[in-house]
Amino acid sequence: MQKSIERIAGDSEGVSYEFPVFRFDGSDKAAPSAYLQAALHAGELPGVVAIDALVPMLSRAEAEGRIKGNITVVPWANPIGRAQYLYGDHQGRFHLGTRTNFNRSFPLLAAPDVTLLPAHGTVDQRLKTRLLQLSIGHDIVLDLHCDDEGLAYLYVHTSLWPAMADCAAAMGVDAVVLWDEDTDGTFEGASIIPYQNVPADVARLDRRVATTVEYRGILDVDGALADSDAEGLYRLLVARGVILDQALSTSGSFTGIVAPIENIDMMPAPRSGAILYEVKPGDRVAKGALLATIVHAPGEAGGRTQVFAPQAGIILTRRSRRIIRAGEDLLKLVGDRKSADARSGTLED
Ligand SMILES: [Zn+2]
């Protein structure tokens, strides 16, 4: 394994940012290559600790000559967000200097060609360019995130499904959300949309992997989960031929939830207040089931407002905080059919 340090100059003199990159050289030029990054939203750490558990497994495979395809690992992809604290609270989702989400405004290139990437911009844009320079060209691109509280699930572009079902099975996730429109420039969108524009023999979508991995909730930073997630990532790399491991059994077929993103109901809160949840991630609910009660005028008659399921489905996520503003989303319900909420079609991470 080679470790190198990436340096991103800041927007003022005397400030710069660094992050390490690990590279494992594969022995077979024809084997698929893989890129893994964690904590683009810099406070989302389940993927960081999973990578910490995975690297020794990769090093063992390297020592035994079992790495076939090149592997690039960025354990903590966002040094800018990692350093952002505001009045004691960590702020890893938006760049404070530009108010831009760290997982938005990636350039959606016309082709998978890093020479098309913009060279200029503010420091967060330069970081995004650098991450794409590191990742584009790999057959497998995994962007490790987490939700507020939630199941383990993947976002996958429709062009990669069901070809990626083996990956979902290998990782042992609970659900897969399929999307086909990204107008905001997520990292995942920037990793797969360029391949939609090139001939099929260049795109090779049958062996391509691009996904935003949602490793449950923000507090699910746990040693046992890190170990099992690392094993899931390792199984994926073996299943796709990046690593050779004949001792590993096949992971079987994917039996979790698969739903188009249009089926997700985001459930905007009708009032501001304190949330009393009646459901948790993984619960199956019927249409009309009580999802949550908002206590908006405590102690007063009529001070509670109930929120009901607009359709039957599975609770995918809910908020980690219990204070909510009117219009803010309470949870993600993966419905059995298309949501009546028009916002539900865009990639939400
Ligand atoms: Zn995220």
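Computed from a prediction, not measured in an experiment: that's the story for all the values here.

Colleague: Tell me what's going on with the pattern of salt bridges, and back it up with residues and numbers.
Modeller: Opposite charge on two side chains makes pairing possible when the charged atoms of those side chains draw close. For the coordinates displayed, the defined rule picks out 19 salt bridges. Between R130 and E6 there is a salt bridge, with the nearest N and O atoms lying 2.5 Å from each other. Taken together, the residues span a long stretch of sequence, with R130 in helix α3 (residues 123-135) and E6 in strand β1 (residues 2-9) at a distance of 124 residues. When the shortest N-O distance is used, the salt bridge between E149 and R318 registers 2.6 Å. Taken as a pair, E149 in strand β10 (residues 149-150) and R318 in strand β20 (residues 313-318) lie far apart in primary sequence, 169 residues in all.

Colleague: A description of unusual backbone geometry should follow, citing residues and the corresponding values.
Modeller: In this structure, the amide linkage connecting W161 to the following residue, P162, adopts the cis form with an omega of 10°. By the element assignment, P162 lies in the loop between β11 (152-157) and α4 (165-171). One non-glycine residue, R216, lies in the positive phi region at around 65°. Tracing the sequence through the fold places R216 in strand β13 (residues 209-217). With a relative accessible area of 15%, R216 lands in the buried category. The backbone of M267 shows a phi angle near 55°, a positive value even though the residue is not glycine. Along the chain, M267 turns up in the loop between β15 (264-265) and β16 (273-277).

Colleague: A description of α3 should follow, citing residues and the corresponding values.
Modeller: Taking 1.5 Å per residue as the helical rise, α3 with its 13 residues ought to reach 18 Å, and the 18 Å between its terminal C-alpha atoms agrees with that figure. Within the sequence span of α3, burial applies to V123, D124, L127, K128, T129, L131, L132, L134 and S135. Taken from the residues just after α3, G137 is the one with a positive phi, measuring 105°.

Colleague: Please give an account of the sheet that holds β16 that cites residues and values.
Modeller: On the basis of which strands lie adjacent, the open sheet formed by four strands has the order β19-β18-β16-β21 and antiparallel pairing. With one partner strand each, in any of the chains shown, β19 (304-308) and β21 (323-324) form the two edges of the open sheet. Pairing geometry for β16 and strand β18 (residues 290-295), over four bridges, is antiparallel. Looking at the pairing, L276 lines up with T293 of β18.

Colleague: Help me get a handle on the side chain of R318, residues and values and all.
Modeller: Judged by its relative accessible area of 17%, R318 falls in the buried class. Here V279 takes part through its backbone oxygen, which lies 2.9 Å from a polar atom of the side chain of R318.

Colleague: Quick one: what's the story with the packing of helix α1 (residues 46-63) against helix α7 (residues 223-239), residue by residue and with numbers?
Modeller: Running from amino to carboxyl end, α1 crosses α7 at an angle of 55°, the nearest separation of the two axes being 8 Å. Of the possible angle classes, the one that applies to α1 and α7 is oblique. Two packed elements cross with a definite hand, and for α1 against α7 that hand is right-handed. Contact with α1, carried on its side by V49, A50, A53, L54, M57 and L58, involves A226, D227, D229, A230, E231, L233, Y234 and L237 of α7 and no other residues of that element. Taken together, the residues of the contact of α1 with α7 sort by class into eleven nonpolar, no polar and three charged.

Colleague: Give a detailed account of empty space enclosed by the protein, specifying residues and quantitative values.
Modeller: In this structure the tally under the stated criterion is one cavity of 30 Å³ or more. Considering only enclosed or pocket space, the largest cavity measures out at about 40 Å³ in volume. Taken together, S135, I136, G137, H138, D139, V141, S191, Y195, R208 and V209 form the lining of the largest cavity. Of the residues contributing to the lining of the largest cavity, the split by class is four nonpolar, four polar and two charged.

Colleague: Can you explain the sheet that holds strand β14 (residues 257-260)? Please cite residues and give values.
Modeller: A sheet is described by the order of its strands in space; here nine strands give the open sequence β1-β2-β4-β3-β9-β13-β11-β12-β14, paired in mixed fashion. Only two strands of the sheet have a single neighbouring strand rather than two, namely β1 and β14. Between one strand and the next, the sheet's axes are offset by a mean angle of 20°, whatever the strand orientation. One ladder, built from four bridges, connects strand β3 (residues 34-38) with strand β4 (residues 71-74); its direction is parallel. Residue A34 lies in a different strand from β4, and its bridge partner there is I71. Set on the sheet, α1 makes contact with β2 (16-24), β3, β4, β9 (140-147) and β13; between it and β3 the angle comes to about 145°.

Rules of the game
- Residues numbered from 1 in each chain as written.
- Predicted model: local features only at pLDDT ≥ 70, side-chain atom pairs only at ≥ 80, totals over all residues.
- Heavy atoms only, no water.
- Salt bridge = Lys/Arg side-chain N within 4 Å of Asp/Glu carboxyl O.
- Helix = DSSP H or I, 4+ residues; strand = E, 2+ residues; numbered from the N terminus.
- Buried < 20%, exposed > 50% of the residue type's maximum accessible area, 1.4 Å probe, protein only.
- Expected span 1.5 Å × (residues − 1).
- Pairing = 2+ DSSP bridges.
- Polar contact = N/O pair within 3.5 Å; in protein donor to acceptor, adjacent residues only side chain to side chain.
- Axes fitted to C-alpha atoms, helices over the stretch in contact; angles between N-to-C directions.
- Parallel < 35°, antiparallel > 145°, perpendicular 65-115°, else oblique.
- Left-handed = near helix turned anticlockwise from the far one by under 90°.
- Contact = heavy atoms within 4.5 Å.
- Nonpolar A, V, L, I, M, F, W, Y, C, P; charged D, E, K, R; others polar.
- 1 Å grid on protein atoms, 1.4 Å probe; cavity = no way out; pocket = protein on both sides within 12 Å on 5 of 7 lines; lining within 4 Å.
- Points joined across faces, edges and corners; volume = space filled by probe spheres on them.

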